[in-house]
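# Summary of structural features
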Number of protein chains: 4
Amino acid sequence: MTSACLAITGNRENRQTAGTPLNNTVFMPYCTGPSSIPNSLDYFESLLRDPNSGLDLPAAVILETIQAEGGIYVAEIEWLKRLRKLCDEYKMLLIVDDIQVGCGRSGTFFSFERAGIAPDIVCLAKSISGYGLPMAINLIKPGIDVWKPGQHTGTFRGNQLAFLAASGALDLWKTPDFQEEIHKKGLFISDYLTKRLKSIDARIELRGLGLLLGVDLSHVGGEAFAKKVSQSCFSAGLIIEKCGRDDVVLKVMPPLITSEEILEKGCDILCTAIQEEFK
Amino acid sequence: MTSACLAITGNRENRQTAGTPLNNTVFMPYCTGPSSIPNSLDYFESLLRDPNSGLDLPAAVILETIQAEGGIYVAEIEWLKRLRKLCDEYKMLLIVDDIQVGCGRSGTFFSFERAGIAPDIVCLAKSISGYGLPMAINLIKPGIDVWKPGQHTGTFRGNQLAFLAASGALDLWKTPDFQEEIHKKGLFISDYLTKRLKSIDARIELRGLGLLLGVDLSHVGGEAFAKKVSQSCFSAGLIIEKCGRDDVVLKVMPPLITSEEILEKGCDILCTAIQEEFK
Amino acid sequence: MTSACLAITGNRENRQTAGTPLNNTVFMPYCTGPSSIPNSLDYFESLLRDPNSGLDLPAAVILETIQAEGGIYVAEIEWLKRLRKLCDEYKMLLIVDDIQVGCGRSGTFFSFERAGIAPDIVCLAKSISGYGLPMAINLIKPGIDVWKPGQHTGTFRGNQLAFLAASGALDLWKTPDFQEEIHKKGLFISDYLTKRLKSIDARIELRGLGLLLGVDLSHVGGEAFAKKVSQSCFSAGLIIEKCGRDDVVLKVMPPLITSEEILEKGCDILCTAIQEEFK
Amino acid sequence: MTSACLAITGNRENRQTAGTPLNNTVFMPYCTGPSSIPNSLDYFESLLRDPNSGLDLPAAVILETIQAEGGIYVAEIEWLKRLRKLCDEYKMLLIVDDIQVGCGRSGTFFSFERAGIAPDIVCLAKSISGYGLPMAINLIKPGIDVWKPGQHTGTFRGNQLAFLAASGALDLWKTPDFQEEIHKKGLFISDYLTKRLKSIDARIELRGLGLLLGVDLSHVGGEAFAKKVSQSCFSAGLIIEKCGRDDVVLKVMPPLITSEEILEKGCDILCTAIQEEFK
């Protein structure tokens, strides 16, 4: 990974792989989740306004509108709108990392559509190629693109198979009601899990949006518990990854085209696995 | 100034003189003043504890126990004690910048004595040489000093005249009751200014400790007002510097050996100058 | 590309894409080619030995044993041996970038085999996956590998299709006489081109090793000339890339498994295209 | 010392005191001395001209026209003239570090006067204040000075006593024949030492210009020898410092106003001390 990428990851262990200081980056508290503080944008704004705060005016702000690896934390719409305004006011570019939560994952193609804001740069990768072929795109507002064509190139840029798969994946969005379908599936899973998890243990927390949900097990056994559930799911034919601090959040993240029938089956496997652990 | 020094100053204009990125430093909110937030050490501790906060474990924490150029903000004793504990817990060195607020300024020789804590490194300069000759010292706990003797040397290190003056200034502390005298003078000024400033305008704020007081004029005319008062004082024979954001705080900072008679005269000049501005 | 990669490329235009200073790297003259000086290793050794040379002892030396993009310059065997010794003497790791010139390109699987030396780290990519699927490997001497498994990972690591293709490409080396075949093909092309190019214009220079040859046109028309020849070749069904300063060197670099018949046809297209340009 | 200063010193031990990487600097071979190569400016020019050399076009070139701490190596006039031309051609600023060899030391006030060149920035310190009070000046060509007045200030800038002493030292240059006097004294010492040292041992090398001479003892006993001579001189009332790699060069560097009588006495002490070591 580039040192710029490592400089903007919060993960201390990954950061150490750089071997050199990771710089030119300042972390600000998010609106929700473990590294949050109340009125987080008030704090950010006070640092921007105060010429003695130690914060040099940043060139850009980068964020996920839903923290994915961080443990599935969804930013509030009002917070996102105000952040966009702050960026305008202080001439900072707004960069949205839609690598994990874009490409329809949150219910719309881009994750920021729900807030009605437009970033200056959008990072896309992972699902953009349909099913995991190496591909990444940066969408850059034309006026701010200072690179010459091909200036930042390399041997493996422009993987042709990935381009074809990506083209196929984008074609899905021409299907009538495709977005509506994602929305419905998201509600279905959310309803299913809410109901069954509540009946298992009220301390299990469910967070998320669209087809990206997080089952937070930090209050019912934590890391060891989550690991066992994930392993039981795997044995029963369901791959479910862990995320969040100490890997205590199970990430429900099915392909957008999965049928409701299979979604139900997956949810059942997950809930049964959790239930079993309580015995 | 070194890039390390610029990297730890909050002043954006000074920072720009470096010409290169200023790195390896993260600013944390103070317990009081403009860049403060409620429960600032809770926030710092949460970043230290969270392995995904984006904060690499720092080698050291550096602070002034009283922000001087920042506008005379006195850190609370409990906050300083807890910070020392955090440093111990996370194996961070505690560096106290006592350049402006040390050497007796706050009432004791070191500014941190009132909190009963011991830093790992103490930076001394300014008053250490008695009356302004170039001299600076870093007191380093023996076990952590990794430099060879003279390794970080230069042509103008060890100015002999400054050494003599510093020796004389340190001798003052052998005078019986010298520290007690500073304390009494501090109370005298503080009482005098509190009384007269309140009678002039209740919105004038007085902050500080020992012989370091700040008269905050931000609510009674701000920058222009402070500038005029400072100029009137100068005409009347009193040098008074401005500090704080937008230079709205007048810094009362007499030599430790000034007699009470002269202190009173200085306070009178200052209060009269403020009074005149209200007419 | 990572800033570490850009820091070790000589190409000024690519370097500028980083947007930040490229550091922790010092360039030393090669034994041959445009940035060479006589006795280049004497110079390097003098800088290593002199504690006042301004050169901090490097952690590692990285080089291509044949400069490929640089214009096809083959390092002398004695120079490579002495460099390996210097690395041992000054405890510097020797890293060979075999991305373009490894995987059999020079006649042996690794390009450094001809010098009988063993690097500490070998970088492989490009041909390693057989025919251009994204794949890269660093071979690291076990004792110096400080990374935990998967510590420097990412979404697109371990492309499965590339692994299969790479496995197939490696199987070629089990074919009896595969290496011998490459050697023979290299000689065939080299002989063919030497003969015909000499008859066209003695100022055309041929350099290279194995199946990596460079036709240097700098003395017969330079950049414009090379561009036209490359375009004529393309029209006649042969892809030939340009390399070297100002793109004046045509890079003859056929797949290792190309038959002698097709190699001859390709060489003929190339020579004919050059011949045509002289008319 | 600032990291910029450490980044341009060749001394490896001093460089290590920074504790962080020293960057944004490339060392080029000098025209003479230990880190020199034949045709050093040809090499530098080839790196500037070659867009693939790995050398980004530098903003500035900094050098001493006589390497002082490096062991007293005098740059040739033609080399300095050509370097000035290279700087013009590639739009690099020429910065002359005249801290040790300026202020009349080489026979003219600035050390570069003998080459008839004008740098863009000149660094002065050490002797500028007359006799060692802390003072340093950067002379910057007006058009390239981008700092605001006082922007790079600090508590101990503008030492008043040093200003007075510097003013007195500059007044010396109003004395008729002051420069001529330095020249004559330089010749006197040079003649004296040449004659006597040759008679002691022909392998002792004398280098230098004006009132800055180096007695190189590397071929007659080296470091231990030089140390003993320096100690004998001290016992006999003469302070003589060592410089150069391994401290094998004795630095003859008397005040400019020393009388010829005392100069002779000093030279005699030095030569006698060397002579004694041979017994």
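For the structure, see preceding data.
This section reports on the structure supplied with the text.

Each value, and the rule that gives it
Residues numbered from 1 in each chain as written. Chains lettered and ligands numbered in written order. Predicted model: local features only at pLDDT ≥ 70, side-chain atom pairs only at ≥ 80, totals over all residues. Heavy atoms only, no water. Pairing = 2+ DSSP bridges. Helix = DSSP H or I, 4+ residues; strand = E, 2+ residues; numbered from the N terminus. Axes fitted to C-alpha atoms, helices over the stretch in contact; angles between N-to-C directions. Buried < 20%, exposed > 50% of the residue type's maximum accessible area, 1.4 Å probe, protein only. Contact = heavy atoms within 4.5 Å. Buried area = accessible area lost by both parts, 1.4 Å probe. Salt bridge = Lys/Arg side-chain N within 4 Å of Asp/Glu carboxyl O. Nonpolar A, V, L, I, M, F, W, Y, C, P; charged D, E, K, R; others polar.

## Regarding the sheet that holds strand E7 (residues 205-209) of chain A
Residue and element names in this part refer to chain A. The strand order across the open sheet built from 4 strands is E7-E8-E10-E9, with neighbouring strands paired in antiparallel fashion. Looking at strand neighbours, the two that pair on one side only are E7 and strand E9 (241-243), the edges of this open sheet. Across the sheet, the mean angle from the axis of one strand to that of its neighbour is 30 degrees, orientation sign disregarded. Relative to strand E10 (residues 249-252), strand E8 (residues 212-216) runs antiparallel, the two sharing 4 bridges.

## Concerning the environment of Glu45 of chain A
All names here are of chain A. Along the chain, the position of Glu45 falls in helix H3 (residues 40-49). A residue is classified by how much of its surface remains accessible, and Glu45, at 17% relative accessible area, is buried. Residues Glu45 and Arg12, 33 residues apart in the sequence, show an inter-C-alpha distance of 26 Å. If we ignore the near neighbours within four places in the chain, the residues touching Glu45 are Arg82, Leu86, Glu89 and Tyr90.

## Observations concerning the sheet that holds strand E6 (residues 137-140) of chain C
Residue and element names in this part refer to chain C. Overall, mixed pairing links the 4 strands, which are arranged E1-E4-E5-E6 in an open sheet. The sheet is open, and its two borders are formed by strand E1 (60-63) and E6, each paired with just one other strand. Across the sheet, the axes of successive neighbouring strands diverge by a mean angle of 15 degrees, strand direction being ignored. Two strands pair when backbone bridges link them, and strand E5 (residues 121-124) and E6 are joined in this way by 4 bridges, in the antiparallel orientation. In the sheet register, Leu124 faces E6, and the bridge partner there is Ile137. Seen against the sheet, helix H4 (residues 77-89) touches E1 and strand E4 (93-97) and runs at an angle of roughly 160 degrees to E1.

## Let's talk about the interface of chain D and chain B
Of the residues lining the interface, 25 residues belong to chain D; the matching set on chain B comes to 25 residues. Both faces combined, the contact of chain D with chain B buries some 2100 Å², and carbon together with sulfur accounts for 55% of it. Looking only at chain D, the three residues that lose the most surface to chain B are Met1, Thr17 and Phe156 of chain D, adding up to 30% of its buried area. Where chain D packs against chain B, one counts 2 salt bridges.

## Here we look at the interface of chain D and chain C
Listed by partner, the interface residues are 25 residues for chain D and 25 residues for chain C. At the boundary of chain D with chain C, total buried surface from both sides reaches about 2400 Å², with 42% on carbon and sulfur atoms. Together, Arg12, Tyr43 and Asn52 of chain D form the three largest contributors to the area buried by chain D at its contact with chain C, with a combined 28%. Between Asp50 of chain C and Arg245 of chain D there is a salt bridge, with the nearest N and O atoms lying 2.7 Å from each other. Looking at the side of chain D that touches chain C, the elements with two or more residues in it are helix H2 (12-16) and helix H3 (40-49) of chain D. For the side of chain D that touches chain C, the residue count by class is 11 nonpolar, 9 polar and 5 charged.

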